[in-house]
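Each chain is listed here by its residues.
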Amino acid sequence: MVEHRPWSHLVAHLILIAGVALVLFPVYIAIVASTQGPGEFLRGTLPLVPGGHALENYRAMWESGLSRAGAPPAGQMLVNSLVMALAITVGKLSISLLSAFAIVYFRFPFRLFFFWVIFVTLMLPVEVRIIPTFQVVADLGMLNSFAGLSIPLIASATATFLFRQFFMTVPEELLEAARVDGAGPLKFFKDILLPLSVTNIAALFVIMFIYGWNQYLWPLLITTDPDYYTIVMGIQRMTTAADGDPQWHLVMAAVVMAALPPVLVILFMQRLFVKGLTETEK
Amino acid sequence: MQTKRMTFPGRWLPYALLAPQVIVTLIFFIWPAAQALYQSLLREDAFGLNTTFVGLENFARLFADPYYLNALSVTAIFALGTTLLSMSMALLLAVTVNRMLRSRNAYTTLLVWPYAIAPAIAGVLWWFIFNPSIGIVPYLLEMLGYRWNHRTSGADAMALVIIAAAWKQIAYNFLFFLAGLQSIPQSLIEAAAIDGASPFKRFWTIVFPLLSPTTFFLMVVNVVYAMFDTFGVIHATTQGGPSQATNILVYKVYADGFVGMNLGSSAAQSVVLMTIVIALTVVQFRYIERRVNY
Amino acid sequence: MASIKLAGLKKTYAGGVQAVKGIDLAVADGEFVVLVGPSGCGKSTLLRMVAGLETISEGQLEIGGRRVNELEPAQRDIAMVFQNYALYPHMTVFDNLAYGLKNRGFKGDEIRRRVEEAARMLEIEAFLPRKPRQLSGGQRQRVAMGRALVREPAAFLFDEPLSNLDAKLRVQMRVEIKQLQRRLKTTSLYVTHDQLEAMTLGDRLVVLNGGRIEQVGTPMEIYARPATLFVATFIGSPAMNLVPLAYLRERGNGLLGDLPEGTDLIGIRPDDLRLEAPEAPHLMVEATLELFEAAGAESHLYVRLAGSDQPTVIRTAGQPPVAEGEMLRFYVTRDALHPFHRESGRRTDDPNRQAAA
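For clarity, every value in this text was computed on a predicted model and none was experimentally measured. (Residues numbered from 1 in each chain as written. Chains lettered and ligands numbered in written order. Predicted model: local features only at pLDDT ≥ 70, side-chain atom pairs only at ≥ 80, totals over all residues.)

1. Brief notes about the overall build of chain C
Inference 1: When helices and strands are tallied, chain C shows nine helices and 18 strands.
Inference 2: Viewed in the frame of its principal axes, chain C has a C-alpha envelope of about 75 × 45 × 40 Å.
Inference 3: In chain C, buried positions account for 39% of the 357 residues.
Inference 4: For chain C, the proportion of contacts with a sequence separation of at least 24, taken over those separated by at least 6, is 65%. (Helix = DSSP H or I, 4+ residues; strand = E, 2+ residues; numbered from the N terminus. Buried ≥ 20, exposed ≤ 12 C-beta atoms within 10 Å, placed from the backbone. Contact = placed C-beta atoms within 7 Å.)

2. Some remarks on the sheet that holds strand 13 (residues 282-294) of chain C
All names here are of chain C.
Inference 1: Here four strands make up an open sheet; going across it, the order is 15-14-13-16 and the pairing antiparallel. Every other strand in the sheet has two partners, leaving strand 15 (311-317) and strand 16 (327-333) as the edge strands with one partner each. For this sheet, the mean angle separating the axes of adjacent strands, direction not counted, is 50 degrees.
Inference 2: In terms of strand pairing, strand 14 (residues 298-305) meets strand 15 through seven bridges, oriented antiparallel. By the bridge assignment for strand 15, R304 is matched with P311. (Pairing = 2+ DSSP bridges. Axes fitted to C-alpha atoms, helices over the stretch in contact; angles between N-to-C directions.)

3. Quick word on the interface of chain B and chain A
Inference 1: Contacts between the two partners involve 85 residues from chain B, matched on the other side by 81 residues from chain A.
Inference 2: A total of 19 residues in the side of chain B that touches chain A trace back to one element, the largest contributor, which is helix 1 (residues 13-39) of chain B.

4. A closer look at the packing of helix 1 (residues 6-33) of chain A against helix 13 (residues 248-268) of chain A
Residue and element names in this part refer to chain A.
Inference 1: At a minimum axis separation of 7 Å, helix 1 and helix 13 run at an interaxial angle of 125 degrees. Taken together, helix 1 and helix 13 sit at an angle that is classed as oblique. For helix 1 against helix 13, the interelement crossing comes out left-handed. When helix 1 is examined against helix 13, the residues A30, I31 and A33 are found in contact with a partner set consisting of W248, H249, M252, V255 and V256.
Inference 2: Looking at the contact of helix 1 with helix 13 residue by residue, the classes come out as seven nonpolar, one polar and no charged. (Parallel < 35°, antiparallel > 145°, perpendicular 65-115°, else oblique. Left-handed = near helix turned anticlockwise from the far one by under 90°. Nonpolar A, V, L, I, M, F, W, Y, C, P; charged D, E, K, R; others polar.)

5. Digging into the confidence of the model for chain C
Inference 1: The share of residues in chain C with pLDDT of 70 or more is 97%, and the mean pLDDT across the chain is 90.
Inference 2: We note a pTM of 0.84 for the whole complex and an ipTM of 0.87 for its interfaces. (pLDDT = per-residue confidence, 0-100.)

6. Examining the environment of K168(B)
Residue and element names in this part refer to chain B.
Inference 1: Along the chain, K168 falls in helix 7 (residues 154-182).
Inference 2: Residue classification places K168 among the buried residues on the basis of 30 C-beta atoms within 10 Å.
Inference 3: The spacing of K168 and T214 is 46 residues in sequence and 19 Å in space, taken between C-alpha atoms.
Inference 4: Sequence-distant contacts of K168, defined by excluding residues within four places in its chain, comprise P114, I117, P119 and A122.

7. Things to note about the packing of helix 1 of chain A against helix 5 (residues 119-129) of chain B
Inference 1: Following both chains from N to C, one finds helix 1 of chain A and helix 5 of chain B inclined at 75 degrees, their axes separated by 10 Å at the closest point. Between helix 1 of chain A and helix 5 of chain B, the angle is such that the two are roughly perpendicular. On helix 5 of chain B, the residues that touch P26(A), V27(A), I29(A), A30(A) and A33(A) of helix 1 of chain A are L125(B), W126(B), F128(B) and I129(B).
Inference 2: Its residues placed into classes, the contact of helix 1 of chain A with helix 5 of chain B shows nine nonpolar, no polar and no charged.

8. Points about the nonpolar core
Across soluble globular proteins, nonpolar side chains have a tendency to be buried as a group.
Inference 1: Among the nonpolar cores identified, the biggest contains 259 residues, and I235(A), A254(A), V255(A), I121(B) and F174(B) are the most heavily contacted of them.
Inference 2: No other element matches the 17 residues that helix 7 of chain B contributes to this core.
Inference 3: Apart from the residues within four sequence positions on either side, V255(A) is in contact with A30(A), I235(A), I121(B), V124(B) and L125(B). (Core = buried A, V, L, I, M, F, W, Y, C linked by C-beta atoms within 7 Å.)

9. A closer look at the interface of chain C and chain A
Inference 1: Each partner contributes residues to the interface: chain C has 17 residues there, and chain A has 14 residues.
Inference 2: Going through the elements one at a time, strand 6 (78-81) and helix 2 (93-103) of chain C are the ones with two or more residues in the side of chain C that touches chain A.
Inference 3: For the side of chain C that touches chain A, the element with the highest residue contribution is helix 2 of chain C, accounting for three residues.
Inference 4: When grouped by side-chain class, the residues that make up the side of chain C that touches chain A number 11 nonpolar, four polar and two charged.

10. Regarding the pairing of strand 14 of chain C
For a regular strand, side-chain orientation follows a simple rule: the groups alternate between the two sheet faces.
Residue and element names in this part refer to chain C.
Inference 1: Note that strand 13 and strand 14 share seven bridges and pair antiparallel. Its bridge partner lying in strand 14, L289 is registered against V303.
Inference 2: Here strand 14 hands over to strand 15 after five residues, with G307 in that stretch at a positive phi of 70 degrees.

Given below as structure tokens:
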């Protein structure tokens, strides 16, 4: 490091503390709001220190939800979110690993064609082709089902691309040594390639889990049955109602519950998360 | 495109391995995209009984529609605002964190977690903070003499969604800027210091130019994010209002097609969006190629 | 144990590039044959064709009298040691050695017995529970050897196995490989670009250049009577000096009259140029010493021949009392001259005649 003046160090810390405060501020407000009683919001401004109603608010949301807003209990929505996020994550990882393996370790007719079919999906996020995708899922009878929530989202060019890049860096000689050692393609995949990919799989798992958990538009479109509501989309239903009938303390309890699982994943797996993020985008 | 020097023999195995991904892609990506393309050339009557082939008429109407043109400019402002706000905040924080030795990891942890928050949740959080009757920010603004109301003021609403969208994206930009900064050789900065450049000058003449590949990459990613991933922010907060002030393209496709049931127009909008995505992807690929090659 | 027979082997890549242009070679049972040549000469490709890692475009390959052109590597009964060792990084040393045996359906007891025996032979027993990344380069090299040993194959194939080691370790492993091969008597094909490694290891050398064989023979045959200019300059260090015949003729004392027809270039090994006149028939050249390089037991003299700008190297024992800039006289016996034809690159006398005593 070149030159270190004490005052510049202090300024740097101040900037960072301000930045952290700015980043934390909305969540702090949400946590504070989620601990208030129902009357607090009628008085005009929001209190800035936690109130004493945390337990009852969270319990109310967890167990019964906001029935007036048509939202099921948060506990159930969290389970739905978890199922959807895991299904999307595991699905994406499995089909991407298999297809990347095929593309890197085999030569076969139309290889390039399939490669492009998969990679086109990079270019077409679900948001840009909402109606026709909805129609396909409706025609297949997959509305209001976990299959409908997850399968259309598991095709991932990103994961395939990352695994392809990683497989290309696996030394050629490992494959050759394995073949001299009598391993066929599936044995090589299982015994050598998968164990070597563990870190990459874990890193992608973090990214994909967050992606899956945070899905919003898709569950909004294909679920009309509250039994399949996910927490992220469920909150929107509550806020629409909360504007007229302020239940902010309950909505914010749900917000905290919805944000907690993916935030915990990042905090506990920061290293994998950073690896997954920076490598999927390169 | 490359394979390994040596590959496995196998007639049907590679196809079996590719099948799950290809089938999902065909059913849920290629087919709907083709449908959008096809539907964009049709018009349905009000009862959905008759469809007629209308050629490019849907597109012609689209670009003559003042609401659509409004959505285009709203999207441009929103994307630009989100990108600038988020990237400048992230760059400031990344440069500052990069000076730290012991506290670097602690600050990084504290700054990256908003990546995990869904855009819709980010929207709800800021919607609450800016709530005109109970929110904390309007209360403070009122003391400064500004009456905030995003339910009636288009500018306020736009500011709100930009802040919410940018807030969530800071973490992402921060991590990439930090990685970019750490890849700049320390010796270059030391050389500049020996050449007598002040810290401020060092940043603008050495660090910032060397960071330009990262900056360019992030600009593309942020524009894509603001255009397509922020549906949740809009839908959970302003729903495009007040009076179309925050009606970005992605939200309009949804509103026109799913709520308004105007399939031909929605399909044409989808096609326009796909064109934009493809253009941005090409730019991004170009950039990746260039970066790999130098 | 098996012999290996290569008949007209060719490798043509999809783009039309021919890497191996027709190789005939018979490796006897138990023989240690070294393929040596500069990078790009096709030696590794040839070895990989024998291993089954590259397809054979043309020709026939037999291992143990059986045609194996179309067989998978695992079915050819060979074991290979790779340049970068290619150890499975996520498996312990034991599992690395055992993997090939497991895939072949060996029983647990037999696997354990073979792995332990190989580990004992290579002195890596202590490392069996470790992962490759916990080992040094030399230890990894031993594990790679062990993986080949446990299989008890018909032939060992070595692809530059020592080139990732430092100089000292390389010499040590070279000796060990030689001893091991003597003990096991397993047919071996060994690829290297290092001519010293080739000379010291091989029962026979195959010198390759541009996808073709330049010369096959025992190390001493090749050193004493290189068949081509390429072999002459590739084998031996410092490389053989090449002097135009015309230059020597001007200074020759009638000694050069009986050279075979077509000779126009004379090769002289750096050790054959001496500072004292020998008794045998010889010729003398004068040269200016430009650089003196003392390397301990021997010295290298970089000189320029008088009346010519021909640079030449002389190797001599000890440290002769000479000074840079000095004009020196060198003597070379008639027997030490290697006659070549420059254009064809071939030796002009019979390459198979025994070197004169």
